[in-house]
Amino acid sequence: MQLSLPPGYQALVPFDRDKHRSLGIAEAKRGAFAQGLHGIHLWLAEFTHAARHFPIVFVRDPANGRFVALAVTGLEPGSNLFMDRAAKWDEHCYVPAYVRRWPFFTAPIEGRGTPEQPESLVLVDEAGLAPEGAALFDGEGKETEAWRTVDALVREMEGLRTAHERFMQTLTEHRLLQPFEAHAFPKAGRDLHLTGMHRIDETKLNALEGKVVKGMMKRGELARIYAHLMSLDNFRHLMDRATARALEK
């Protein structure tokens, strides 16, 4: 199985309950992980929450050419405008599951499970584990509350995979994505030009056959599309954050 390293991760190995038994999550490092992400992967189910705070865009994954959904959290690589200098996330804003799940990750196991619910391998970035973290298992190898919390989130995210991939397939099949660029002119600092992003083409969306639209409505996709479109207004708020950050220097 080949797996491209997801953004922000240093390395991934299979999570081993025996090997990693005495370790816990290095929570202090989670902030550093998120602080370097100016775009964060989103599942379809997160669109409604994320649209209140971030622009949601689609970009091509350089590893396979497929489209992925991102919450734009910064105007420059390596700069997350939703985190302060102490690497604390803005408490008033949604924290994407991609950040909350770190340092864990999952990858479907080819040929295992069903198309609707494939089996997945749990992986971990060992840089995110440390002896001083809340232990995931006790001395007898029994699960702790820390692990049960992680496991619940990992399972929840895996349960959302099929619906999300179906949504991305629908966008691709009907060629609903169009490229666009964003020009940011902060009141302080240099002008910024964001490229490589895609958005829903409303003209093509409105031209879809009724049965296609009905299917999208049943699957909850249409509501998320409109959440995405409305979220694009959040580029203005990103510029405000960029200006405030520049004035801090």
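What counts and what doesn't
Residues numbered from 1 in each chain as written. Predicted model: local features only at pLDDT ≥ 70, side-chain atom pairs only at ≥ 80, totals over all residues. Heavy atoms only, no water. Helix = DSSP H or I, 4+ residues; strand = E, 2+ residues; numbered from the N terminus. Buried < 20%, exposed > 50% of the residue type's maximum accessible area, 1.4 Å probe, protein only. Polar contact = N/O pair within 3.5 Å; in protein donor to acceptor, adjacent residues only side chain to side chain. Contact = heavy atoms within 4.5 Å. Pairing = 2+ DSSP bridges.

Asker: How should I be thinking about the side chain of R161 in this particular structure?
Answerer: Looking at the element boundaries, R161 is found in helix α4 (residues 145-173). Residue class for R161 comes out buried when judged on its relative accessible area of 10%. Looking at R161, its side chain comes within polar contact range of the side chain of E158, at 2.7 Å. When residues no more than four places from it in sequence are discounted, the contact partners of R161 are W43, T106 and P108.

Asker: Explain the pairing of strand β5 (residues 67-72) here, please?
Answerer: If a strand is regular, its side chains alternate between the two faces of the sheet. Of all the 6 residues making up β5, 6 are buried; the element is thus mostly covered by neighbouring parts of the structure. Side-chain alternation along β5 places F67, A69 and A71 on one buried face and V68, L70 and V72 on a second face that is also buried. Relative to β5, strand β3 (residues 39-41) runs antiparallel, the two being bridged by 3 bridges. Paired with G39 across the two strands is V72, which belongs to β5. Relative to β5, strand β4 (residues 56-60) is paired through 5 bridges, and the arrangement is antiparallel.

Scope: geometric values only; no functional claims are made or implied.
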